[in-house]
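# Residue-level structural notes
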Amino acid sequence: VTQAEGPSLTMRGSRFTPPLGPGYVFENLELTATVTPTELRDVQAEGSLFSGKFKANGQVRYAGAITAEGRFYIDNLNLEPLVGLFAKGVSVSGMGDLKGTFSLRSQDLESLFEQARVDFAFTGNRGAIENVDLMRAAQAAGREGVRGGRTRYNTMSGVVAVNGNRASIQQFRIGSDSMSASGGFEIQPKGELAGRLGIQVGPRGTVIAQGNVAVTGDVGHPVLG
């Protein structure tokens with residue numbers, strides 16, 4: 001690095017929790033960047049997060065308002081601790097991949113994550129969602145809402161947009177040998193759920209039951225009906 005570009009910064013750590021943000025614990029982390037009077041340029045980070053391989057790149061500007069933006073990737077991560085950070089009381093097992101972008105802006109460090117914008121696509125493989133029973137919801141469509149149960153899946157995917165304390169999950173798809181569902185829903189500031197899912201029950205090529213159900217309740221106690 002030349003003097004005109006600025007000095008280089010290198011950080012390494014293990015079992016590292018950043019002092020700001022939602023409290024992720026990096027099993028290990030290495031970060032490099034070029035330091036200038038107004039920004040951290042060419043930020044590159046690699047490590048392990050949620051038992052998966054983490055990579056990110058971006059830049060941080062601190063002349064005036066503080067802004068940070070970039071891209072991130074996590075391969076072969078454990079979904080359960082990730083979901084637990086955002087949706088208390090929800091258990092989703094399985095392994096998956098994430099890739100997306102982040103953008104943060106604030107006048108001070110303390111509030112930098114309060115209006116964070118994070119957009120990412122995810123996939124999940126061979127796991128289960130606790131406290132949700134999509135097969136029973138399809139069979140009971142139009143009657144009293146279904147609570148509790150379990151949904152096992154082979155594949156799951158979707159696109160998530162997080163803006164401050166709101167989250168939107170769209171293009172959501174989940175499937176197993178005997179069930180498939182698709183749709184979208186939102187998680188509102190106090191955890192309330194609002195959305196719809198179309199569900200089909202039956203082995204591939206055969207429909208035993210189907211329903212278009214509303215997603216209501218809250219993240220800890222979802223209701224399908």
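Throughout what follows, the structure given in this document is the object of discussion. Counting restarts for each chain, with residues numbered from 1 along the sequence as it is written. Restriction of local features to residues with pLDDT of at least 70 applies here, the model being predicted, together with a cutoff of 80 or more for giving and counting side-chain atom pairs; totals for whole chains, interfaces and linings are based on all residues. Values reported for side chains reflect all heavy atoms of the structure, with hydrogen atoms and water molecules removed beforehand.

### What to know about the pattern of salt bridges
Within this document, salt bridges are pairs made up of a side-chain nitrogen of Lys or Arg and a carboxyl oxygen of Asp or Glu, the two lying within 4 Å of each other. Counting across every chain of the model gives seven salt bridges. Salt-bridge contacts for glutamate 69 lead to arginine 61; the nearest nitrogen and oxygen are separated by 3.4 Å. In this structure, aspartate 133 and arginine 136 form a salt bridge, with 3.5 Å as the shortest nitrogen-oxygen distance. Burial classes follow relative accessibility: with a 1.4 Å probe on protein chains only, a residue under 20% of its type's maximum area counts as buried, one over 50% as exposed, and anything between as partly exposed. Among the residues examined, aspartate 133 registers a relative accessible area of 17% and is labelled buried. Through salt bridges with shared partners, one network takes in Glu39, Arg41, Arg61 and Glu69.

### Section: the side chain of aspartate 133
Examined against the element boundaries, aspartate 133 turns out to sit in the loop between strand E7 (117-130) and helix H2 (134-139). Each polar contact in these results corresponds to two N or O atoms within 3.5 Å; when the atoms are within protein, one needs to be able to donate a hydrogen and the other to accept it, and residues that are neighboring in sequence are counted only if both atoms are side-chain atoms. For aspartate 133, the side chain forms a polar contact with the main-chain nitrogen of arginine 136, separated by 3.0 Å. Residues in contact with aspartate 133, not counting those within four places in the same chain, are Val146, Gly148, Gly149, Arg150, Thr151 and Leu224. Put simply, DSSP H or I for four residues or longer makes a helix, DSSP E for two residues or longer makes a strand, and each gets a number counted from the N terminus. Every residue pair with non-hydrogen atoms within 4.5 Å of one another is taken to be in contact.

### Points about the packing of aromatic side chains
Within 6.5 Å between ring centres, the rings of Phe, Tyr and Trp (the latter by its six-membered ring) count as paired, and their orientation is classed by plane angle as stacked under 30 degrees, edge-to-face over 60, tilted in between. If you walk through the whole model with that rule in mind, you get three aromatic pairs. Centroid distance phenylalanine 26 to phenylalanine 54: 5.3 Å. Interplanar angle 70 degrees. Geometry classified as edge-to-face. In this pair, phenylalanine 26 is assigned in strand E2 (residues 26-35) and phenylalanine 54 in strand E4 (residues 52-61), connecting sequence segments 28 residues apart. The exposure classification of phenylalanine 26 matches that of phenylalanine 54, with both residues buried. When the ring of phenylalanine 172 is compared with that of phenylalanine 185, the centres are 5.9 Å apart and the planes differ by 75 degrees; the resulting orientation is edge-to-face. Of this pair, phenylalanine 172 sits in strand E9 (residues 166-175) while phenylalanine 185 sits in strand E10 (residues 179-187), and the two are 13 residues apart along the sequence. The pair formed by phenylalanine 172 and phenylalanine 185 is uniform in burial state, with each residue classed as buried.

### A short note on the environment of aspartate 177
Of note, aspartate 177 is situated in the loop between E9 and E10. Taking C-alpha positions, aspartate 177 is 17 Å from alanine 137, a pair spaced 40 residues apart along the chain. If we ignore the near neighbours within four places in the chain, the residues touching aspartate 177 are Asn154, Gly202, Pro203 and Arg204. A distance of 3.0 Å separates polar atoms of two side chains, one belonging to aspartate 177 and the other to asparagine 154.

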